[in-house]
Amino acid sequence: VIDINALPLEDIERLGDDRLRIGALVTNADLARHPAVREDYPLLARAILAGASTQVRNMATTAGNIMQRTRCPYFRDVAAACNKRQPGSGCDAIGGINRMHAVLGGSEACVAVHPSDMCVALAAIGTTLTLHGPQGEREIDFADFHRLPGTTPHLEHMLGDDELIVAITLDPPLRPLGTAYLKLRDRASYEFALASAGAMLSLDDGMIGEARLALGGVATRPWRCHEAEALLVGRRADEAAFTQAADAALAEAQPLSHNAFKVVLARQAIVRALRDAREGHP
Ligand code: SF4
C-alpha cells in the first residue's frame, strides 16, 4: 500500500476551452460544493450527494470513487464460485440470489453492478481521465475506462498496474441546462441504487437541443444511453418522447431470475429524471 495523499492533486481549475480539470485527490464533499460544479455541472453535485454518507464523502476522492469495484456479495464470500475473484471458477450469482445485480452489460461470466453515483454523472457529462505512469501522461475517455465483464470479469478497468489517475477533465458545460439525478433504493440514505438515472436537457422553446442520459445501479459499468439520447434530440420535451427514450435505454436489458423489477424501475426513473430536468430548465 502506498499513501499518495501528499501528492499535489487537489486543485480544481477552469481550462481555457471552458472544460473543468479536477485533481484526483479532490474529495467528493469538496467537489460537490465547489461553485463551478454547482453552477455548471449540477448533475455531478447531485449525484455525489446522493452517494454514501457525509463522513464517507469527506474522505472519498474523485479517483477513488472511479476506482471502486463492482458490488456482489458472492465476490466477498470465499466459499462461493466467483469468476471475478478466481477466474474460471464460475458465477454463483447468476443462479443464486441476484436481486441487486445487473440487467445491462452483463455476461455469462459476471453480472456484478458498478455501484458509483458520481460515475453516472461523469458518463453523462463527458469526461477525460489523465493517467500518469513511467512513460509519462496519457489520456483516456471515461467511456472507455471501465471494462465490460465479458469473459474476463477480473479485469475491471484500463489503468495499468504502474499508473495513477492524476486528474479528470469535464467536457464544457451545456447551457442553458436542466438536470436531474434520481436514485431509487431500498432505504433513503447510505444505500446503493437499485436504479438511478442522470439526465441533462438543453431546451429551446420546448424543443430538445441536446440530451444526455446515463444509468446507475442496473449495469456492469456506468451506463450512457446513446440511443435514447439520439431519440430525444430535436423532439418536443414531452411524455411521449421521454417514454420512447426510456424504452430505448432498456431495450437490451437481460433480467435475471430475481431482478426483472429493475427494468421497470429504471424505465420509470428515466421518465421521471427527464421530466424533472425539463421542469428545472431555466
Ligand atoms: Fe463473481 Fe461477478 Fe458472479 Fe458476482 S456476478 S459471483 S462478482 S463473477
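Data block above holds the structure.
Here the structure is a predicted model, which is why all the values come from computation and not from measurement.

(A) Representation of the overall build of the protein chain. Summing up its helical and strand segments, the protein chain has 10 helices and nine strands in all. Here the C-alpha atoms of the protein chain give a radius of gyration of 18 Å, agreeing with the 19 Å that 2.2 N^0.38 yields for 282 residues. C-alpha extents for the protein chain along the principal axes are approximately 60 × 45 × 35 Å. Evaluated residue by residue, the protein chain yields a buried proportion of 52% over its 282 residues. Looking at the protein chain alone, contacts between residues at least 24 apart form 63% of all its contacts between residues at least 6 apart. Working note: accessible area of the protein chain is about 13,100 Å², and carbon and sulfur atoms make up 51% of it. Across the protein chain, the centroid of the 29 positively charged side chains sits 6 Å from that of the 35 negatively charged ones.

(B) Molecular detail of the site of the ligand. In the neighbourhood of the ligand, 14 residues make up the surrounding shell, with Cys 72, Cys 82, Cys 91, Ala 109 and Cys 110 lying closest. Looking at the shell around the ligand, its residues break down into 11 nonpolar, two polar and one charged.

(C) Quick peek at helix 10 (residues 261–279). The end-to-end C-alpha distance of helix 10, which contains 19 residues, comes to 27 Å, matching closely the 27 Å that a straight helix rising 1.5 Å per residue would cover. Within helix 10 the residues assigned to the buried category are Lys 262, Val 263, Leu 265, Ala 266, Ala 269, Ile 270, Val 271, Ala 273, Leu 274 and Ala 277.

(D) Summary view of the packing of helix 3 (residues 42–49) against helix 7 (residues 118–125). Between helix 3 and helix 7, the least distance of the axes is 7 Å, while the angle of their chain directions is 165 degrees. It follows from the interaxial angle that helix 3 and helix 7 lie roughly antiparallel. Remark: the crossing between helix 3 and helix 7 carries right-handed chirality. Across from Leu 43, Leu 44, Ala 47 and Ile 48 in helix 3, the residues of helix 7 making contact are Met 118, Ala 121, Leu 122, Ala 124 and Ile 125.

(E) Up close: the pattern of salt bridges. Evaluation of the coordinates by the stated rule reveals 18 salt bridges. In this structure, Glu 156 and Lys 84 form a salt bridge, with 2.9 Å as the shortest nitrogen-oxygen distance. On the criterion of sequence distance, the pair formed by Glu 156 in the loop between strand 4 (136–141) and strand 5 (164–170) and Lys 84 in the loop between helix 6 (73–76) and helix 7 is long-range, its members being 72 residues apart. The same class applies to Glu 156 and to Lys 84, which are both buried. Via salt bridges that share partners, Arg 14, Asp 18, Asp 40 and Arg 175 belong to a single interconnected network.

(F) A look at the environment of Ala 193. Here Ala 193 is to be found in the loop between strand 6 (178–184) and strand 7 (195–204). When the C-alpha positions of Ala 193 and Asp 117 are compared, they lie 8.0 Å apart, and in sequence the two are 76 residues distant. Apart from the residues within four sequence positions on either side, Ala 193 is in contact with Lys 183, Leu 184, Arg 185 and Gly 217.

(G) Main features of helix 7. Burial analysis of helix 7 places eight of its eight residues in the buried class, which makes it a mostly covered element. Directly beyond the C-terminal end of helix 7, a positive phi value near 95 degrees is found at Gly 126.

(H) View of unusual backbone geometry. For the bond from Arg 175 to Pro 176, the omega torsion is -10 degrees, close enough to zero to count as cis. Among the secondary structure elements, Pro 176 is positioned in the loop between strand 5 and strand 6. The backbone of Asp 18 shows a phi angle near 75 degrees, a positive value even though the residue is not glycine. Look at Asp 18 and you get partly exposed, because its relative accessible area is 24%. Non-glycine residue Tyr 190 carries a positive phi angle of around 50 degrees. In this structure, Tyr 190 sits in the loop between strand 6 and strand 7. Of the residues examined, Tyr 190 reaches a relative accessible area of 49% and is grouped as partly exposed.

So, how was this worked out
- Residues numbered from 1 in each chain as written.
- Predicted model: local features only at pLDDT ≥ 70, side-chain atom pairs only at ≥ 80, totals over all residues.
- Heavy atoms only, no water.
- Helix = DSSP H or I, 4+ residues; strand = E, 2+ residues; numbered from the N terminus.
- Rg over C-alpha atoms; globule rule 2.2 N^0.38 Å.
- Buried < 20%, exposed > 50% of the residue type's maximum accessible area, 1.4 Å probe, protein only.
- Contact = heavy atoms within 4.5 Å.
- Areas by Shrake-Rupley, 256 points an atom, 1.4 Å probe, with all protein chains shown as cover.
- Lys, Arg positive; Asp, Glu negative; His and termini not counted.
- Charge placed at Lys NZ, Arg CZ, Asp CG, Glu CD.
- Near = heavy atom within 4 Å.
- Nonpolar A, V, L, I, M, F, W, Y, C, P; charged D, E, K, R; others polar.
- Expected span 1.5 Å × (residues − 1).
- Axes fitted to C-alpha atoms, helices over the stretch in contact; angles between N-to-C directions.
- Parallel < 35°, antiparallel > 145°, perpendicular 65-115°, else oblique.
- Left-handed = near helix turned anticlockwise from the far one by under 90°.
- Salt bridge = Lys/Arg side-chain N within 4 Å of Asp/Glu carboxyl O.

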